[in-house]
Amino acid sequence: MDFTAIPVVAQAPNREACFAEAARLAVRMVAEKRRVTVIAADFDEAAELKRLLGQDDRGLGVRVITFDLWLEDAWQLWGDGRSLVEPSQRLALAWQVAAEAPDLPAQPATMAPWLARAARQALPWLCDAPLRALEGSESAVADALRLYSEALEVRGLVEHSQACWLLGQPCHARPGADEALVLAGQWPVQLPLAQQWLFGKLGAVAVANGRTAPSRPGGELGQLLGRLYGSRSEAVSPGGALRVALATGKTAELQLLAETVAALAETDFGAAEGETALAYRVVVADTDPVGLFELLRANRETGKLHLLVRGPVAFSDTFAGRFVAAWAAAPQGGLPVWEDLAANPLSGLRQQTLLSLSRQWAANRALGAAEALRMLANESPTARALLEASGGSVATMVDGLRAAVAALPIDEGRKLVELSALSAFAGLARQMLFGSCFESAVELCADVHIPVSLESAPAADGAAGEAPVLLCDLATAAQLPAGCARALLLTKMNRDERPGGITAGSLEALLSKFALPDQQEGAQLLRQRLWDALNVPTEAVVLERSLTDAAGEPAYPHFLMQEVTDCFRADPTCSDDLLRDSQLPRVLAPYCSTLAETRFLHCLGVDEGAPAAVEEAQLPMGQVGERWRPFIALPKTEGANGGAMRLSPSAIESFLSCPYLWFVQRRLALQDTEEGFGPLERGTFVHEVMQRFYQQLVEGQVPRVTPDNLEESRALLAQVFREVVEAQEGHEAGRRYVAVTPWEQRLREGLLPQLSGALGQQSRWLPGFAPAYHEWHYGFDQPVPYAGQHLCGSVDRIDVDGNGRAVVIDYKTSLDDGYRLMALAAEEGEEPQPQLPRKVQALIYAQVVRQLLGLEVVATLYLNPLTGEVEGAYDGLVLGPAQIEGFPPKGISVQEAGFPSFGELLTWVEETVGERLGQLFAGEIAPCPADAQACKYCPALSCERRLG
């Protein structure tokens, strides 16, 4: 494609030597009466080159500038009148093209940044015919780039790569031949393709950094750099200048980083004679320097240090970015999105208000987004301003967010970051595409990066004038002057946490189809950055990583870390000298520090590193001191022997399953505050349908469902079902079955066929009995004594025959063998004894029915109205399995369980329950699960007695 090679006229051994050589070359060119421009990679390097040129009077006439500024000047003088496209215009236009172009391989939010990068780098060539056949979606991408080029032309804009191509054409007016261009510090292959094209045509020359010798050749670090990518062949002898910090897991990594930074900052390495003060005590190269800055500033170990952060932060990681993203998603989002909005500092809510809103939202599944935002706006001035501006311009909404940022109780540096983020967002939204599309601007702006420079005030007791600790990314660290810091800490040196840069991306693959020159491999660029960064410290380098990832799976070292540590091995191809777990050379073991996850998680236990406040002996779970035992079971009624507890049969059943389960569920009320759509809500709904159905059946003078009236009964059931569905949203949250999604609606509608099918079974069972009581309540007005305590509750249904005999029925939409009577069991050498079933609610109900209604209970049945399944107990002298359709073959009568009559079973159950409730009355709640089912839904996940 007619690329002219850029000659490398000098190859310096390191960065400092490279800049010095570039300055000398520029001065010689000035002496030859040439007008010289030196192109620097960034503003910091430009400043360093200006300093070197200023040491010679002839260098004062040399122009030092970055490429973007040089191109802007050149295009103003030699361009065709169009304007260079700005970054926000490029991104917005790429979004428009991606939204309209067919057959692209990804959504516009993904494709727009990709198209923008490709256009900036090589648009003229990618709009030409390829030399090799395009495959898959490559043709669609090339067509989209042509559409992008046409859109630029229509708007009077030109892409940077197009400007380079035009300025490099022989027939086009371009910079004068007397201007000498010198590229300082970069290999030509590192430049974007359009820059390579233009500088080749303009006769530029390069002074490259060969990275063959360190800036400070002495000591262990000098030996390391000499062997890393230089000519040194023998292994480096470890002496502590290179260290390794390993966290056993991700939860320990932050504390390890804090301890390492604090130790490096406090170490007195000693200054060499004549050495000037260094710019930084420690340089920390992290993948997220802004996030690390916030964490270290709040940490006890590092909060007193003077911290400085330089680096980009994604718009989506700022307070403003997270707020606008949540606001855009709120109309279609649910509880998590609303909670993100409320928890954002821009909302300005106190913690108590935030928790109150969260509870209200969670408890109401029927709550719509409009009402949720209105509730938030009542508490948050920011939300109120945005709600009032909804439907208006983005600029109005951004103004409201700016006011919220100004009111934040944060330092001015962080405010500047947030205001810069909002300015970037507003700039993107101002483009022609996003004038009235808030959501699209939010989605596209997510990956826009904001430059950050933050500083924490040093502690009052710190030494005056101490150099700060700099937090930055690896690219920024690589641009720092050699020897400007005492120590360098490279963090998160794991394969999955830092970009590897090994494989070519989709853009590189597309460029190859147009026969464009290969660019520098990503892995080589990372190696160059590492080499430059290792020149920064004078005394120590620390490599840090976690041995496992967030899921607890083994994590593997980054290839850069392996290449550094291999310098201490005589034969890197042999693995015999590696430690098994850390993959470190054995010679580095004395210089490796570790931190286990359990060392500092004091809330999970007690160890030697815990604060004094938690070093006291901890009581076992469920053990309560004598002073507090009387308060375990409340409320208690007045009476002899301390009164009695007021309990429900379900609470008693919970205590019998496990005392600690009763305590966390009933006394502490550790239940999920979010309104659900699960078995509990389904059961409440089915109960209401069955109650209303039988009430209306009796009101219609129909005593019970029979085979003769089954069809009429099913029609009534369908009518009642519809009435109950319509009434759900008006019910109290937590006692309703509200379907929000279409899937939930289908799930709820599917209950009617099940109820109708099971009704056929009920038309045939318990002949001679008819429903007489529905949702029968007791114990609320007058105490009902049971097992020495007082009962209150309700019975789902009581069927009675003409002889005053009753069957107590409890609806359950899920049954297992814990609901049936158990046969006699005996220890070896002892008489068989009856066993208390795991589920006793219906047996307790039956004793109340005997006491208050004077009926003779002959069965207690648990009925699943959806499937017709039945469990429970029956008097074999009155009923049998033939009269209880659906009763399991393994079910037994009270006689088979060792009781002559049903009444004697109920009396024995009451006595046994009374003995157990004495423990509750005494405040004994130590965990003692009856079986794994008791632990299945228990909130105490860390219980040492947990089963299953």
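Here the structure is a predicted model, which means the values were calculated and not measured.

1. Looking at the overall build of the chain
Helix and strand counts for the chain come out as 32 helices and 24 strands. Rg of the C-alpha trace for the chain: 39 Å, well past the compact-globule value of 30 Å for 948 residues, more than 25% over. Looking at the 948 residues of the chain, the share that counts as buried comes to 50%. Across the chain, contacts joining residues at least 24 apart in sequence account for 72% of those joining residues at least 6 apart. Here the chain displays about 43600 Å² of accessible surface, and carbon together with sulfur accounts for 52% of that area. Charged side chains of the chain number 80 positive and 119 negative; the gap between the two group centres comes to 4 Å.

2. Here's the deal with the pairing of strand S6 (residues 179-184)
Within S6, six of the six residues are buried, which leaves it mostly tucked inside the rest of the structure. Residue alternation in S6 divides its side chains into two sets, Glu 179, Leu 181 and Leu 183 and Ala 180, Val 182 and Ala 184, and both sets are buried. The pairing of strand S2 (residues 35-40) with S6 spans five bridges and is parallel. Counted as the bridge partner of Ile 39 is Leu 183 from S6. Each parallel crossover has a hand, and the one from S6 via helix H8 (residues 193-201) to strand S7 (residues 205-209) is right-handed.

3. A closer look at the sheet that holds S2
Strand order in the open sheet formed by five strands is S1-S7-S6-S2-S3, and the pairing between neighbours is parallel. Among the strands making up the open sheet, the edge pair consists of strand S1 (8-12) and strand S3 (63-66). Averaged over all neighbouring strand pairs, the angle between strand axes comes to 20°, with direction disregarded. Judged from the three bridges that link them, S6 and S7 form a sheet pairing that is parallel. By the bridge assignment for S7, Leu 183 is matched with Ala 206. In the packing of helix H1 (residues 15-31) onto the sheet, contacts are made with S1, S2, S6 and S7, and the angle to S7 comes to roughly 160°. Set on the sheet, helix H2 (residues 43-53) makes contact with S2, S3 and S6; between it and S3 the angle comes to about 170°.

4. Some words on the packing of aromatic side chains
For the structure on display, the rule yields 20 aromatic pairs. Consider the rings of Phe 3 and Trp 197, whose centres lie 5.8 Å apart with planes at 75°: the pair is edge-to-face. Taken as a pair, Phe 3 in the segment before S1 and Trp 197 in helix H8 lie far apart in primary sequence, 194 residues in all. Classification of Trp 197 as buried rests on a relative accessible area of 5%. With 4.8 Å between their ring centres and 70° between their planes, Tyr 819 and Tyr 862 make a pair best called edge-to-face. Separated by 43 residues along the polypeptide, Tyr 819 in the loop between strand S22 (805-811) and helix H30 (841-853) and Tyr 862 in strand S23 (residues 856-863) bring together distant segments of the chain. Note on accessibility: Tyr 819 and Tyr 862 belong to one class, buried. Looking at Arg 414, its charged tip hangs above the ring of Phe 319, at a distance of 4.6 Å from the centre.

5. What about the sheet that holds S22?
Think of a sheet as strands paired side by side through backbone hydrogen bonds, with each pair either parallel or antiparallel. Strand order in this open sheet of five strands is S18-S21-S22-S23-S24, and the pairing throughout is mixed. Looking at which strands have only one partner, the edges of the open sheet turn out to be strand S18 (770-778) and strand S24 (870-874). Each strand axis lies, on average, 25° off the axis of its neighbour in the sheet, ignoring direction. Pairing between S22 and S23: seven bridges, direction parallel. Bridge pairing in S23 links Val 808 to Thr 860.

6. Considerations on the domain arrangement of the chain
Assigned domains of the chain: these are domain 1 (8-81 + 166-209), domain 2 (86-158), domain 3 (219-262 + 468-604), domain 4 (315-449) and domain 5 (649-672 + 766-935). Computed from C-alpha coordinates alone, the two centres of domain 1 and domain 5 are separated by 91 Å.

7. Observations concerning the nonpolar core
Counting 136 residues, the largest nonpolar core has Trp 70, Leu 115, Phe 199, Leu 346, Trp 361 and Val 469 as the members making the most contacts within it. If you look at the next biggest cluster of nonpolar residues, it comprises 52 residues, including Cys 658, Val 808, Ile 892 and Ala 934.

8. Brief notes about the side chain of Asp 801
Along the chain, Asp 801 turns up in the loop between strand S21 (793-800) and S22. A polar contact of 3.3 Å, which involves the side chain of Asp 801, links it to the backbone nitrogen of Gly 804. A polar contact is formed between the side chain of Asp 801 and the backbone nitrogen of Arg 805, at a distance of 2.8 Å. The contacts of Asp 801, once residues within four sequence positions are left out, are Gly 768 and Phe 769.

9. Some points on H30
Taking 1.5 Å of rise per residue, the 13 residues of H30 would be expected to cover 18 Å, and the 18 Å separating its terminal C-alpha atoms lies within 8% of that figure. Those residues of H30 that sit buried are Gln 841, Ala 842, Leu 843, Ile 844, Tyr 845, Ala 846, Gln 847, Val 848 and Val 849. Phi turns positive, to about 70°, at Gly 854, one or two residues after H30.

10. Overview of helix H31 (residues 902-921)
With 20 residues, H31 ought to run about 28 Å at 1.5 Å a step, and its terminal C-alpha atoms sit 28 Å apart, in line with that. Trailing H31 by a residue or two, Gly 923 shows a phi angle of about 80°, which is positive.

11. A closer look at the pattern of salt bridges
Scanning the model with the defined rule gives 41 salt bridges in all. Glu 16 serves as the salt-bridge partner of Arg 15, at 3.6 Å between the closest nitrogen and oxygen. On the accessibility criterion, Arg 15 (9% relative accessible area) is buried. The class of Glu 16 is partly exposed, set by a relative accessible area of 27%.

12. Brief notes about unusual backbone geometry
With phi around 55°, Arg 211 is a residue other than glycine that occupies positive phi space. Looking at the element boundaries, Arg 211 is found in the loop between S7 and helix H9 (219-228). With a relative accessible area of 10%, Arg 211 lands in the buried category.

13. Overview of the state of the cysteines
By the definition in use, this model includes zero disulfides. Of all cysteine sulfurs in the structure, the one in Cys 567 sits closest to Cys 592, which takes part in no disulfide; the separation is 17 Å.

14. Describing the environment of Glu 904
Its place among the elements puts Glu 904 in helix H31. For Glu 904, a relative accessible area of 41% translates into the label partly exposed. Considering only alpha carbons, one finds Glu 904 and Ala 47, 857 residues apart in sequence, at a separation of 98 Å.

15. Quick word on the side chain of Arg 820
Among the secondary structure elements, Arg 820 is positioned in the loop between S22 and H30. Of the residues examined, Arg 820 reaches a relative accessible area of 16% and is grouped as buried.

16. A look at the packing of helix H13 (residues 335-343) against helix H15 (residues 369-379)
Relative to each other, H13 and H15 sit at 15°, their axes nearing to 11 Å. Viewed along their axes, H13 and H15 adopt a mutual orientation that is roughly parallel. Crossing handedness for the pair H13 and H15: right-handed. Across the interface between the two elements, Trp 338, Leu 341 and Ala 342 from H13 touch Ala 369, Ala 372, Leu 373 and Leu 376 from H15. Grouping the amino acids of the contact of H13 with H15 by side-chain chemistry returns seven nonpolar, no polar and no charged.

17. Some remarks on the environment of Ser 763
By the element assignment, Ser 763 lies in the loop between helix H29 (751-762) and S18. The class for Ser 763 is buried, based on a relative accessible area of 5%. A C-alpha to C-alpha distance of 4.2 Å links Ser 763 and Thr 706, two positions 57 residues apart in sequence. The contacts of Ser 763, once residues within four sequence positions are left out, are Arg 704, Val 705, Thr 706, Pro 707 and Leu 710. Looking at Ser 763, its side chain comes within polar contact range of the main-chain oxygen of Gly 760, at 2.5 Å.

18. Description of the packing of helix H5 (residues 108-126) against helix H6 (residues 138-154)
The relative placement of two packed helices is expressed as an angle between their axes plus a distance between the axes. Between H5 and H6, the shortest axis-to-axis distance is 10 Å and the interhelical angle comes to 80°. On the basis of the axis angle, H5 is roughly perpendicular to H6. On H6, the residues touching Met 111, Trp 114, Leu 115, Ala 118, Ala 119, Leu 123 and Leu 126 of H5 are Val 141, Ala 142, Ala 144, Leu 145, Arg 146, Tyr 148, Ser 149 and Leu 152.

19. Here's the deal with the confidence of the model for the chain
Per-chain confidence: the chain averages 85 in pLDDT, with 90% of residues scoring 70 or above. Across residues 599-617, confidence stays below pLDDT 50; counting only partners more than four residues off in sequence or on other chains, it has 18 contacts.

The rules behind the values
Residues numbered from 1 in each chain as written. Predicted model: local features only at pLDDT ≥ 70, side-chain atom pairs only at ≥ 80, totals over all residues. Heavy atoms only, no water. Helix = DSSP H or I, 4+ residues; strand = E, 2+ residues; numbered from the N terminus. Rg over C-alpha atoms; globule rule 2.2 N^0.38 Å. Buried < 20%, exposed > 50% of the residue type's maximum accessible area, 1.4 Å probe, protein only. Contact = heavy atoms within 4.5 Å. Areas by Shrake-Rupley, 256 points an atom, 1.4 Å probe, with all protein chains shown as cover. Lys, Arg positive; Asp, Glu negative; His and termini not counted. Charge placed at Lys NZ, Arg CZ, Asp CG, Glu CD. Pairing = 2+ DSSP bridges. Right-handed = clockwise from strand over helix to strand, strands pointing away. Axes fitted to C-alpha atoms, helices over the stretch in contact; angles between N-to-C directions. Phe/Tyr/Trp six-rings, centres within 6.5 Å; stacked < 30°, edge-to-face > 60°. Lys NZ or Arg CZ within 6 Å of the ring centre and 35° of its normal. Domains from an automatic or database assignment. Core = buried A, V, L, I, M, F, W, Y, C linked by side-chain atoms within 4.5 Å. Polar contact = N/O pair within 3.5 Å; in protein donor to acceptor, adjacent residues only side chain to side chain. Expected span 1.5 Å × (residues − 1). Salt bridge = Lys/Arg side-chain N within 4 Å of Asp/Glu carboxyl O. Disulfide = S-S within 2.5 Å. Parallel < 35°, antiparallel > 145°, perpendicular 65-115°, else oblique. Left-handed = near helix turned anticlockwise from the far one by under 90°. Nonpolar A, V, L, I, M, F, W, Y, C, P; charged D, E, K, R; others polar. pLDDT = per-residue confidence, 0-100.

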